[in-house]
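Observations on the model geometry
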Amino acid sequence: MSASIDHWLDEFGAELDPIYSRGRHVKAPRKAPGTGSKAKRGKPTGPATRESRRATLERIARKSPEVMVKITGGGRNMRQIKAHMDYISRNGLVELEDEQGLAYLGKKDVRSVRDTWRDGGHSIPSDGDDGPREAFNIMLSMPPGTPRDEVKAAVRAFAADEFQGFQYCFAAHNDEKHPHVHLTVKATALDGSRLNPRKGDLHRWRVKFAQELRDRGVDANASPRKARGVVRKAQRQALIRIAERGGQSRVARTQEDQANREAMGKGAHPNPAQDRISVTRKRVLLGYGQMAKALARGSANDRALAVSLVDLVRAMPAPTTAHEARVEAARAAIAERQGQREAARGREGQNRA
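Okay, so let's go over this structure. (Residues numbered from 1 in each chain as written. Predicted model: local features only at pLDDT ≥ 70, side-chain atom pairs only at ≥ 80, totals over all residues. Heavy atoms only, no water.)

Within the chain, the secondary structure is distributed over 11 helices and eight strands. Scored against the burial criterion, the 353 residues of the chain give a buried share of 38%. Sequence-distant contacts, at least 24 apart, represent 75% of the contacts inside the chain between residues at least 6 apart. (Helix = DSSP H or I, 4+ residues; strand = E, 2+ residues; numbered from the N terminus. Buried < 20%, exposed > 50% of the residue type's maximum accessible area, 1.4 Å probe, protein only. Contact = heavy atoms within 4.5 Å.)

Now the structure itself:
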């Protein structure tokens, strides 16, 4: 690898590295006065190597499937936790698996998992919504067509490594196109430390989940959205569920009203992130350009990657925000209605004539 390529793998590759946190964020249990108390930390994740950065670029260029890991919520009491266990187990019809590898099937088994959480280690209140989150609900998924058994196996390995000392259970849902697994983790570990995930942890979870899939022969990537030219964030799961039921959330109604008002010229709705989005896109395009130039002077494999990166940039969509897309759709709808009215008036005039 030439010095120029190495330089841009260091410079631009670092730009595409996920923001790593220093291990799992937890709050240590209280200790007796004078003994001191330090938060337990995992080993810090060091910077990615040039080889891993190049591998990430190659996966981005060939549009490898991207993993999705998101926290979908979490219960503050046993009633809410049990309700989520009922949901992910489809009321006992779908197998639950816990941190010991034990499988549970049927309503009675789901109740036994709940009782184990309630009675083991840190106690959880039966009710009440004012306390801290006592569980974190995490969903890990892949695009349609990914082998479902491999997704479940990757989640099993990911959870065993990431949540050592915590109680958790998970269930794979095979009744939807996207293979996905629901994982719920008790927030307080057996030693009293508490889970407190941050944005950096979510990035790290994506990277680890993708690696577990690749270890099982499944092509998977965990690149940041900006590297793929994606501007819009994924819609929240709760809003998706409401839309699937034919409803419209309060958030969606507000967004639609704002878009309609702007489309009718009744005031723009400023997006505070717009400038940042534009700057980020320019920085990414510049980085890809410099990387491609360096690769173009290298080996045949380097030159092939350079061409792939150029093709990637050319295919990137415009950095249009979700609000801008809604405004454009509203303007198109207004124009269509106006055209229909004019056509109707034209037909009325012809009839009178």
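Let us look at helix α1 (residues 3-16). Here α1 is 14 residues long and its end C-alpha atoms lie 19 Å apart, about the 20 Å a rise of 1.5 Å per residue gives. Where α1 bends most, the angle comes to about 25°, and this point is Asp10. Listed as buried for α1 are Ile5, Asp6, Leu9, Phe12, Gly13 and Leu16. Along its buried surface, α1 packs onto α2 (50-61), α9 (274-296) and α10 (300-315). (Expected span 1.5 Å × (residues − 1). Bend = angle between axes of the 7 residues up to and from the residue.)

Another aspect to go through is the packing of aromatic side chains. One pass over the full model with this rule turns up five aromatic pairs. On the basis of an interplanar angle of 75° and a centroid distance of 5.5 Å, the ring pair of Phe163 and Trp205 is categorised as edge-to-face. Note that Phe163 is positioned in the loop between α5 (148-162) and β6 (168-173) and Trp205 in helix α6 (residues 199-215), a separation of 42 residues in sequence. For the pair shown, Phe163 and Trp205 are each scored as buried. Taken together, the ring pairs in this structure connect Phe158, Phe163, Tyr168 and Trp205 into an aromatic cluster. (Phe/Tyr/Trp six-rings, centres within 6.5 Å; stacked < 30°, edge-to-face > 60°.)

With that out of the way, let us pick up the environment of Arg114. With respect to the helices, strands and loops of the structure, Arg114 is situated in helix α4 (residues 107-119). Along the primary structure Arg114 and Ile81 are separated by 33 residues, whereas in three dimensions their C-alpha atoms are 7.8 Å apart. Ignoring any residue separated from it by four or fewer positions in sequence, one finds Arg114 in contact with Met78, Lys82 and Met85.

To continue, consider the sheet that holds β6. Spatially, six strands are ordered β2-β5-β7-β6-β3-β4 in an open sheet, and the strand pairing comes out antiparallel. Sheet topology places β2 (68-73) and β4 (103-104) at the edges, where each strand pairs with a single neighbour. In this structure, strand β3 (residues 96-98) lies alongside β4, joined through two bridges in antiparallel fashion. The partner of Leu96 across the bridge, within β4, is Tyr104. (Pairing = 2+ DSSP bridges.)

As a further point, take the packing of α5 against α6. The N-to-C vectors of α5 and α6 enclose an angle of 130°; their axes lie 9 Å apart at closest approach. With respect to their mutual orientation, α5 and α6 come out oblique. Here α5 and α6 pass one another in a crossing that is right-handed. The residues of α6 that touch α5, namely those facing Glu150, Val151, Ala154, Val155, Ala157, Phe158, Asp161 and Glu162, are Arg204, Trp205, Lys208, Phe209, Glu212 and Leu213. Residue composition of the contact of α5 with α6, grouped by class: eight nonpolar, no polar and six charged. (Axes fitted to C-alpha atoms, helices over the stretch in contact; angles between N-to-C directions. Parallel < 35°, antiparallel > 145°, perpendicular 65-115°, else oblique. Left-handed = near helix turned anticlockwise from the far one by under 90°. Nonpolar A, V, L, I, M, F, W, Y, C, P; charged D, E, K, R; others polar.)

It is worth spelling out the pairing of strand β7 (residues 180-186) at this point. The buried fraction of β7 amounts to seven of the seven residues, a majority that puts the element mostly inside the structure. Side chains His180, His182, Thr184 and Lys186 of β7 all project onto a buried face; the interleaved residues Val181, Leu183 and Val185 project onto the opposite face, where all are buried too. What sits between β6 and β7 in their antiparallel hairpin is a turn of six residues.

This part is about the side chain of His173. Structurally, His173 can be placed in strand β6. Excluding anything up to four places from it in sequence, His173 contacts Tyr87, Ile88, Arg90, Arg148, His178, His180 and His182.

Let's shift gears to the nonpolar core. In this structure, Phe163, Leu183, Phe209 and Leu213 are the most contacted members of the largest nonpolar core, which totals 29 residues. For this core, the elements supplying multiple residues, two or more each, are β5 (135-141), α5, β6, β7 and α6. Of all the elements, α5 adds the most residues to this core, at five residues. Counting residues in hydrophobic clusters, the runner-up holds 19 residues, among them Ile60, Ala61, Met291 and Ala292. (Core = buried A, V, L, I, M, F, W, Y, C linked by side-chain atoms within 4.5 Å.)

Spacing of three or four residues puts side chains on the same side of an α-helix, whose turn is 3.6 residues. Inspection of helix α3 (residues 78-88) places Met78, Ile81, Lys82, His84, Met85, Asp86 and Ile88 among the buried residues, and these make up the whole buried set. Next to the buried residues of α3 lie β3, α4, β5, β6 and β7. A side-chain oxygen of the first residue of α3 lies 3.1 Å from the backbone nitrogen of Arg79; this N-cap is Asn77. Phi turns positive one or two residues past the end of α3, at Arg90, with a value near 50°. (Polar contact = N/O pair within 3.5 Å; in protein donor to acceptor, adjacent residues only side chain to side chain.)

A few words now on the pattern of salt bridges. One pass over the structure, following the stated rule, counts 24 salt bridges. In this structure, the salt-bridge partner of Asp115 is Arg118, at a minimum N-O distance of 3.4 Å. Placement of the pair is Asp115 and Arg118 together in helix α4, with a separation of three residues, close to one helical turn. Residue class for Arg118 comes out partly exposed when judged on its relative accessible area of 35%. Residue Glu212 is joined to Arg216 by a salt bridge in which the shortest nitrogen-to-oxygen separation is 2.8 Å. Look at Glu212 and you get buried, because its relative accessible area is 18%. A relative accessible area of 30% means that Arg216 is categorised as partly exposed. What you see here is one network of salt bridges that share partners, running through Asp161, Glu162, Asp201, Arg204 and Lys208. (Salt bridge = Lys/Arg side-chain N within 4 Å of Asp/Glu carboxyl O.)

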